[in-house]
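Summary of the model geometry
Now for the letters of each chain:
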Amino acid sequence: MDFCQNYPLPDWTSGFEPRTTLVSQLPYEEYTGPMEQPASDSNNYRLIRLPNNLVVMCVQDVGAKTSAAALSVNVGSNMDPVELQGLAHLLEHMLPRGTERFPDVDEYQSYISHHTGNCNASTNFSRTRFYFGIPSDAFEGALDRFASFLASPLFSRDCIDRELNAVDSEFKGFLNSDSWRLQHLESKLSDQNHPHSKFMPGNMDSLQQSAKDHGLDLQEELIKFYNKYYSSDIMKLIVCGNHALDQLVEWTVSRFSAIKSKGDNVQRDLGHPVSAEFLGKVIYYETVDDKGVMIMRFPIPSVSAMYRSYPFYYINYFIAHKGPGSITSYLKRQGWATGMVVSTNFGKDDGFCEFSITIK
């Protein structure tokens, strides 16, 4: 087996056949090709594509008492305007705050909480994710509200200050996190012309104050960002419950087809943020806690096309092995370390990866 062999990534277009939903007779496409499934997996799956090009995996788990949905949109802080760093994160907070169909700013979260469910969202460099879980008898109503804020958010001006405070509060919570401080340090040590150097979480200074300094209207900028990047073409959705697959498909097609198809306007393959001038450096930084750590990071090209073999898994395993004669056992025996972690940042669309060794 060639462990470094490249394989084509899924094109999400081949193998789909036209279908219509049973009740509403709405059009969609169903994947009819082979799907790999472990023998021990008793779930039923149906992969579909909506008319707006949104690809959805419907999962029937007959024994589940809780249903869930998760949507990922392939844009994050990488597309933040330089003048408004943290805008993608603020948008993540704003979307659930009122829609054309459900204008109450707390409707989505109130519905989830009232039915003892949970919901959350996150934003990173190239992804924004929204997800919830709820008892199955309340799943349809939750899907209604979930799809609505993705398709027709209101961006109420009255909510912006509240969500700015929430974003700023998250930032302040990061100040005593060594992992976040290290992440911020890495962004400052990368190419400042690369999106990776941006201030991902945002705060009052990078959003509210910067908007004033540059004569920008935050509400207008949020709407522009949403209109440009929140396209069904770069979204993937999973819905899972104990309902019949035909029912899950009906709910999904009737609600999520309303999300607009705008193409893919996100810049890809931006190169590696760590160029030659940033290599070969030793950086000392002060941690919040009293535990010492040494981290070695090696920039590598994207290995996404090697997803079937994932060669760095083997490299990770050999270096991090803890048995007799291993590097870890030697460091422990000398009293120099308590452990070692080896990892690879296995980015898909970022266009770059990173191999790191952490000695604690």
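The structure contained in this document is the topic of the report that follows. These numbers were taken from a predicted model, which means no experiment stands behind them.

Per the secondary structure count, the protein includes 10 helices and 11 strands. In summary, the protein has a C-alpha radius of gyration of 23 Å against a globular reference of 21 Å for 360 residues, a match within 12%. Out of the 360 residues belonging to the protein, those deemed buried represent 44%. Long-range contacts, defined as pairs at least 24 residues apart, comprise 72% of the intrachain contacts of the protein with a sequence gap of at least 6. Here the protein has roughly 18700 Å² of accessible surface; of this, 52% comes from carbon and sulfur atoms. Distance between charge centroids for the protein: 4 Å, based on 32 positive and 43 negative side chains.

The strand order across the open sheet formed by 8 strands is β1-β2-β3-β4-β8-β5-β7-β6, and the pairing between neighbours is mixed. Both edges of this open sheet fall to β1 (16-20) and β6 (118-123), since each of them pairs with a single strand only. Pairs of neighbouring strands in the sheet enclose a mean axial angle of 20°, with direction left out of account. In the sheet, strand β5 (residues 66-73) pairs with strand β8 (residues 235-241) via 6 bridges, with the strands oriented antiparallel. Bridging across to β8, A70 finds its partner in I238.

So, about unusual backbone geometry. Within the chain, T116 stands out as a residue other than glycine whose phi angle is a positive 55°. Residue placement: T116 occurs in the loop between α2 (107-114) and β6. Here F155, not a glycine, exhibits a phi torsion of approximately 55°, which is positive. In this structure, F155 sits in the loop between α3 (139-151) and α4 (157-174).

The next point concerns the packing of aromatic side chains. The relation between two aromatic rings is expressed through the spacing of the ring centres and the mutual angle of the planes. Counting across every chain of the model gives 18 aromatic pairs. An aromatic cluster is built from Y108, F130, F132, F139, F146, F149, W251 and F256, whose rings are joined through pairwise contacts. Above the ring of F16, the side-chain terminus of R49 is found at 4.7 Å from the ring centroid. Here the guanidinium or amino end of K262 rests over the ring plane of Y226, the centre of that ring lying 4.3 Å away.

So, on to empty space enclosed by the protein. Within the structure shown, the criterion is met by 2 cavities of 30 Å³ or more. By volume, the largest cavity is sized at about 50 Å³. Breaking the lining of the largest cavity down by element, the ones donating at least two residues are α2 and α3. Per-element accounting of the lining of the largest cavity gives the leading share, 3 residues, to α3. For the lining of the largest cavity, the class distribution of residues is 4 nonpolar, 3 polar and 3 charged.

This paragraph deals with the sheet that holds strand β9 (residues 294-301). Two pairing modes exist for strands in a sheet, parallel and antiparallel, and in both the strands are linked by backbone hydrogen bonds. Spatially, 3 strands are ordered β9-β11-β10 in an open sheet, and the strand pairing comes out antiparallel. Pairing within the sheet leaves two strands with one partner each, and these edge strands are β9 and β10 (340-345). On average, adjacent strands in this sheet sit at an angle of 10° to one another, irrespective of strand direction. Where β10 meets strand β11 (residues 352-359), 6 bridges bridge the pair, whose relative direction is antiparallel. Following the sheet pairing, V342 is matched in β11 by I357.

Looking now at the packing of helix α1 (residues 87-94) against helix α7 (residues 218-229). In contact at an axis separation of 10 Å, α1 and α7 are set at 90° when each is read in the N-to-C sense. Looking at the two axes, α1 sits roughly perpendicular to α7. On the side of α1, the interface is formed by L87, A88, L90, L91 and M94, while α7 contributes L218, E221, L222, F225 and Y226. Residues of the contact of α1 with α7, tallied by class, amount to 9 nonpolar, no polar and 1 charged.

Let us now look at the nonpolar core. Ranked by internal contacts, the top residues of the largest apolar core, which has 59 residues, are F130, F132, F139, F146, F225, Y230 and F256. Per-element accounting of this core gives the leading share, 7 residues, to α3. Other than its neighbours up to four places away in sequence, F139 contacts S67, A68, A69, F132, I134, V239, C240, H243, L248 and W251. Among the nonpolar cores identified, the runner-up in size contains 13 residues, and M306, A320, A337 and I357 belong to it.

Glancing now at the pairing of strand β2 (residues 27-31). Residues in a regular strand point their side chains to alternate faces of the sheet. In β2, alternate side chains face the same way, and those of Y28 and E30 are buried while those of P27, E29 and Y31 on the opposite face are not. The pairing of β1 with β2 spans 5 bridges and is antiparallel. Following the sheet pairing, F16 is matched in β2 by Y31. A loop of 6 residues connects β1 with β2, the two strands running antiparallel in sequence, and Q25 in this loop sits at a positive phi of about 55°.

Another point: the side chain of H194. One can find H194 in the loop between α5 (178-188) and α6 (205-213). The class of H194 is buried, set by a relative accessible area of 4%. A distance of 2.9 Å separates the side chain of H194 from the backbone nitrogen of H196, its partner in a polar contact.

The next subject is the environment of K322. The topology assignment puts K322 in the loop between α9 (311-320) and α10 (327-333). Since its relative accessible area comes to 54%, K322 is described here as exposed. Between the C-alpha atom of K322 and that of K212, which follows or precedes it by 110 residues, the distance is 54 Å. Setting aside residues up to four positions removed in sequence, K322 forms contacts with T328, S329 and M340.

Cut-offs used in this document
- Residues numbered from 1 in each chain as written.
- Predicted model: local features only at pLDDT ≥ 70, side-chain atom pairs only at ≥ 80, totals over all residues.
- Heavy atoms only, no water.
- Helix = DSSP H or I, 4+ residues; strand = E, 2+ residues; numbered from the N terminus.
- Rg over C-alpha atoms; globule rule 2.2 N^0.38 Å.
- Buried < 20%, exposed > 50% of the residue type's maximum accessible area, 1.4 Å probe, protein only.
- Contact = heavy atoms within 4.5 Å.
- Areas by Shrake-Rupley, 256 points an atom, 1.4 Å probe, with all protein chains shown as cover.
- Lys, Arg positive; Asp, Glu negative; His and termini not counted.
- Charge placed at Lys NZ, Arg CZ, Asp CG, Glu CD.
- Pairing = 2+ DSSP bridges.
- Axes fitted to C-alpha atoms, helices over the stretch in contact; angles between N-to-C directions.
- Phe/Tyr/Trp six-rings, centres within 6.5 Å; stacked < 30°, edge-to-face > 60°.
- Lys NZ or Arg CZ within 6 Å of the ring centre and 35° of its normal.
- 1 Å grid on protein atoms, 1.4 Å probe; cavity = no way out; pocket = protein on both sides within 12 Å on 5 of 7 lines; lining within 4 Å.
- Points joined across faces, edges and corners; volume = space filled by probe spheres on them.
- Nonpolar A, V, L, I, M, F, W, Y, C, P; charged D, E, K, R; others polar.
- Parallel < 35°, antiparallel > 145°, perpendicular 65-115°, else oblique.
- Core = buried A, V, L, I, M, F, W, Y, C linked by side-chain atoms within 4.5 Å.
- Polar contact = N/O pair within 3.5 Å; in protein donor to acceptor, adjacent residues only side chain to side chain.

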